[in-house]
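Examination of the molecular architecture
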Amino acid sequence: MTNQDDQFKKVISHAKEYGYVFQSSEIYDGLSAVYDYAQNGAELKKNIRDYWWKAMVQMHDNIVGIDAAIFMHPTTWKASGHVDAFNDPLIDNKDSKKRYRADVLIEDYCAKIEAKIDKEVDKAAKRFGDSFDKAQYLATNTRVVEYQEKINTTLSRMAKSLEKEDLADVKALIEELEIADPLTGSKNWTDVKQFNLMFGTKLGASAENAMDLYLRPETAQGIFVNFLNVQKTGRMKIPFGIAQTGKAFRNEIVARQFIFRMREFEQMEMQFFIKPGTQKEWFEHWKETRMKWHLSLGMGTDNYRFHDHEKLAHYADAATDIEFKFPFGFKELEGIHSRTDFDLKQHEEFSGKKLQYFDHEDNASYTPYVLETSIGLDRMFLAVFSNSLVEEELDNNTTRTVLKLPAVLAPVKAAILPLVKKDGLPEIAKQIVDDLKWDFNVDYDEKDAVGRRYRRQDANGTPFCITVDHDTLEDNTVTIRHRDSMEQERVKIEDLRHIIKQAVDVKTWLMKM
Ligand code: ATP
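Residues numbered from 1 in each chain as written. Predicted model: local features only at pLDDT ≥ 70, side-chain atom pairs only at ≥ 80, totals over all residues. Heavy atoms only, no water.

Per an unreviewed UniProt entry, the chain is named Glycine--tRNA ligase, and its organism is Aquaticitalea lipolytica. Under the UniProt heading Subcellular location (unreviewed entry), the note attached to the chain is "Cytoplasm". Of the chain, the UniProt comment under Catalytic activity (unreviewed entry) reads exactly: "tRNA(Gly) + glycine + ATP = glycyl-tRNA(Gly) + AMP + diphosphate". (UniProt positions renumbered as here; feature names shortened; annotations may be inferred.)

Each helix and strand in the chain was counted, giving 18 helices and 23 strands. For 513 residues, the compact-globule formula gives about 24 Å, and the C-alpha radius of gyration of the chain, at 26 Å, lands near that figure. The principal-axis extent of the C-alpha atoms belonging to the chain is close to 75 × 60 × 55 Å. Counting across all 513 residues of the chain, residues that qualify as buried make up 50%. For the chain, the share of sequence-separated contacts (at least 6 apart) that also reach a separation of at least 24 residues comes to 65%. Put simply, the chain shows about 25,900 Å² of open surface, and 49% of that area lies on carbon and sulfur atoms. Seen as two clouds, the 72 positive and the 85 negative side-chain charges of the chain have centres 2 Å apart. (Helix = DSSP H or I, 4+ residues; strand = E, 2+ residues; numbered from the N terminus. Rg over C-alpha atoms; globule rule 2.2 N^0.38 Å. Buried < 20%, exposed > 50% of the residue type's maximum accessible area, 1.4 Å probe, protein only. Contact = heavy atoms within 4.5 Å. Areas by Shrake-Rupley, 256 points an atom, 1.4 Å probe, with all protein chains shown as cover. Lys, Arg positive; Asp, Glu negative; His and termini not counted. Charge placed at Lys NZ, Arg CZ, Asp CG, Glu CD.)

In this section: the sheet that holds strand 16 (residues 369–376). In sheet architecture, strand pairing relies on hydrogen bonds along the backbone and comes in two forms, parallel and antiparallel. Spatially, 3-9-10-16-13-12-11 is the arrangement adopted by the 7 strands of the open sheet, whose pairing is mixed. One side of each edge strand has no neighbouring strand; the edge strands of this open sheet are strand 3 (63–65) and strand 11 (304–308). In this sheet, adjacent strand axes meet at a mean angle of 25° when their direction is disregarded. Of the pairings in the sheet, the one linking strand 12 (residues 318–326) to strand 13 (residues 329–340) comprises 9 bridges and is antiparallel in character. For Lys 325, the partnering residue across the bridge sits in strand 13 and is Phe 330. (Pairing = 2+ DSSP bridges. Axes fitted to C-alpha atoms, helices over the stretch in contact; angles between N-to-C directions.)

On to the side chain of Asp 359. Counting through the fold element by element, Asp 359 comes out in strand 14 (residues 357–359). No salt bridge is formed by the buried Asp 359; its nearest oppositely charged neighbour, Lys 275, is found at 4.5 Å. A polar side-chain atom of Asp 359 sits 3.1 Å from the main-chain amide nitrogen of Glu 361. Dropping the residues within four chain positions of it, Asp 359 is found in contact with Lys 275, Ala 364 and Tyr 366. (Salt bridge = Lys/Arg side-chain N within 4 Å of Asp/Glu carboxyl O. Polar contact = N/O pair within 3.5 Å; in protein donor to acceptor, adjacent residues only side chain to side chain.)

Below, the discussion takes up the pattern of salt bridges. Within this structure, the stated rule accounts for 42 salt bridges. In this structure, Lys 331 and Asp 108 form a salt bridge, with 3.2 Å as the shortest nitrogen-oxygen distance. With Lys 331 in strand 13 and Asp 108 in helix 5 (residues 102–128), the pair connects residues that are 223 residues apart, well separated along the chain. Looking at Asp 108, the relative accessible area reads 32%, which means it is partly exposed. Note that Glu 288 is salt-bridged to Lys 292, the shortest N-O span being 3.4 Å. Taken together, the residues span about one helical turn, with Glu 288 and Lys 292 both in helix 11 (residues 279–295) at a distance of 4 residues. A residue is classified by how much of its surface remains accessible, and Lys 292, at 38% relative accessible area, is partly exposed.

Take a look at the structure:
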């Protein structure tokens, strides 16, 4: 097992042990790629959603939020292109009978070469010390240049073949690269086929009258069909945005990466309507703004990168992903797409209704262009959770497991602990809980020695432990312990709210953007 696998396994078991994520219907052996958020997970997920909503909706005068239904008129999905083109290329291994996404097999192959480049860079950095110039090394070291060329030619050939729907060439590429089934090593592959990812269902009681519906595979279309309603009732002037968060459903071919790829998941999307011709500037603007949002959480600049798309979706004239370094390598976390007027035009055509904007300044009507930012809430959860989980060596040669969640996102902000279960200490601790819970999600914990309680709260990601002891009875002070530094200070009970607020307030964090 590699280090990466090991770390990922730890993330999954920690998420279960500490009440963050459970497999759906576990007592029936679970349902593949469907997960439930538990008591702490639901709070963390809500905090991430709120952090996004604050930044994207409430802090922008020209962006509003909606909550469209999951069910939509079936013609929506004809207009959007999903009925005809929302496919992934699948390939089966004849020996193992396992199914894979052909494009993902090829991307993983390239990721392995990239890991080799990283290794070479690390080695060289050690060898050259302070004088090491990474950019120069990447551009001139023959082996590294060859690796990079191999990645580039492979990905661009794949992009071209997928674009042309030349699935035979995608298979040929897999065979030429000698890609084997990652589970069994077999290279005995079927042809590559297209597979539609939408889930179908029926609306209506009687079989004859029932209408075929789809569970939405993205939230974006709920925004496009409401474009005029929102624009008119909100008296919105271009440029303006409509945002929403909500469930989306995809019958994913391979779903073996915990909450990274689920069949039921949640998206946080914003469609920004602009004047045609201004899309380049807005694309840059939203790339930068969204990256700043990520960086405001302080999870390390090195863990993010942009990846511009080689293969553009049928609706896009530019697209980039913000990739994050998950335990299994850099993968897409968020997409930023310049969607042109494709969606609104399609809905105009299929509905027969005009979806245009009258620009008073220009005294003319036009179909707006759209810039989309689209992030998976569950993927963001995994990014935050996996990045935060660390094993720390302590001075006394012991280790502690600590979940260093950004305090603004932590499910429980503070745990209040009476040092002992007597002498009136629990009563004071409970009073503090009752007072703080108006402002924060807090916990009361009186079981076990205080050191063990600290460890439990560290592993749970709680930024503060507040201990009530005998001195509290004398002078109304308590000990506040900081999760990351483990430092302890003596503070007045009446100052607690202010101290915690400073550390966990959305404003404090978003001001860093
Ligand atoms: P991928 O290439 O990983 O399948 P995508 O390019 O199809 O993703 P988009 O259609 O751009 O994804 O969706 C926007 C965002 O929604 C993605 O960046 C991702 O964070 C999230 N997302 C997409 N599919 C899933 C899924 N099956 N499970 C969890 N999150 C998802």
